[in-house]
Amino acid sequence: MNTISRVQELADERGLTLCQLSKICSLSEATIRLAKKRGNQLSVDTIERICDALDISLSEFFADAP
């Protein structure tokens, strides 16, 4: 699974930019942008912070993925 694509999808569903999402999650915008640019996956810690901010569980994050 491409975690960056999933995060982008979740942000789009909520009408958020990645910048707005990073602020909600108390993450550096660079964390998400650099991972996207480099084609890296996000760490579990980062995904957990995003899930907490979006009020979804880790299982929902991975289960709802296409």
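Position numbers for residues count from 1 along each chain, tracking the sequence in the order it is written. With the structure being a predicted model, the display of local features is reserved for residues of pLDDT at least 70 and the display and counting of side-chain atom pairs for 80 or more, all residues being used for whole-chain, interface and lining totals. Note that the side-chain values use all heavy atoms of the structure and ignore hydrogens as well as water.

(A) Just the overall build of the protein chain, in detail. Along the backbone of the protein chain there are five helices and zero strands. In DSSP terms, a helix is any run of H or I states spanning at least four residues, a strand is any run of E spanning at least two, and both are numbered starting from the N terminus. In sequence order, the protein chain lays out its α and β elements as α-α-α-α-α. Restricting the calculation to C-alpha atoms gives the radius of gyration, and the globule rule supplies 2.2 Å times the number of residues raised to the power 0.38. For 66 residues, the compact-globule formula gives about 11 Å, and the C-alpha radius of gyration of the protein chain, at 11 Å, lands near that figure. Seen through its principal axes, the protein chain has C-alpha atoms that stretch 25 × 20 × 20 Å. Throughout this description, buried means an accessible area under 20% of the type-specific maximum (1.4 Å probe, protein chains only), exposed means over 50%, and partly exposed covers the range between. Across the 66 residues in the protein chain, those meeting the buried criterion constitute 33%. Here a residue-residue contact requires only that any non-hydrogen atoms of the pair lie within 4.5 Å. When contacts within the protein chain are restricted to residue pairs at least 6 apart in sequence, those whose partners lie at least 24 apart make up 55%. Shrake-Rupley sampling with a 1.4 Å probe provides the accessible areas, and residues are treated as covered by the protein chains on show and by no other component. A total of about 4,000 Å² of accessible surface is found on the protein chain, and carbon and sulfur atoms cover 49% of it. Computing the positive centroid from 8 side-chain charges and the negative centroid from 10, the protein chain places the two 11 Å apart. All tallies of charge rest on Lys and Arg as positive and Asp and Glu as negative; His and the ends of each chain are not included. Charge placement uses NZ in Lys and CZ in Arg. For Asp and Glu, CG and CD serve respectively.

(B) Just the packing of aromatic side chains, in detail. In this analysis, rings of Phe, Tyr and Trp, with Trp reduced to its six-membered ring, are considered paired at centre separations within 6.5 Å, and the interplanar angle assigns stacked below 30 degrees, edge-to-face beyond 60, and tilted for intermediate values. Counted by the stated rule, this structure contains one aromatic pair. Centroid distance Phe61 to Phe62: 4.9 Å. Interplanar angle 80°. Geometry classified as edge-to-face.

(C) Region of the structure containing unusual backbone geometry. For Ser26, which is not a glycine, the phi torsion comes out positive at approximately 60°. Among the structural elements, Ser26 can be located in the loop between helix H2 (18-24) and helix H3 (29-38). We classify Ser26 as exposed; its relative accessible area is 56%. A positive phi angle, close to 60°, is found at Asp55, a residue other than glycine.

(D) A negative patch on the surface, seen in detail. The patches reported here contain residues having more than 30% relative accessible area and no salt bridge. Joining distances are 9 Å for like charges and 5 Å for nonpolar side chains (Val, Leu, Ile, Met, Phe, Trp, Tyr). Salt bridges are counted wherever a side-chain nitrogen of Lys or Arg sits within 4 Å of a carboxyl oxygen of Asp or Glu. Taken together, Asp45, Glu48, Asp52, Asp55 and Glu60 make up a surface patch of like negative charges. With three residues, the top contributor of residues to the negative patch is helix H4 (residues 44-54). Inspection of the secondary structure assignment puts Asp45 in helix H4. The class for Asp45 is partly exposed, based on a relative accessible area of 46%.

(E) Spatial organisation of the pattern of salt bridges. Enumeration over the complete set of coordinates arrives at three salt bridges. Between Arg6 and Glu9 there is a salt bridge whose closest N-O contact spans 2.7 Å. Of the two residues, Arg6 and Glu9 are both situated in helix H1 (residues 3-13); the distance of three residues between them amounts to about one turn of the helix. Taking the relative accessible area as the measure of exposure, Arg6 reaches 4% and is therefore buried.

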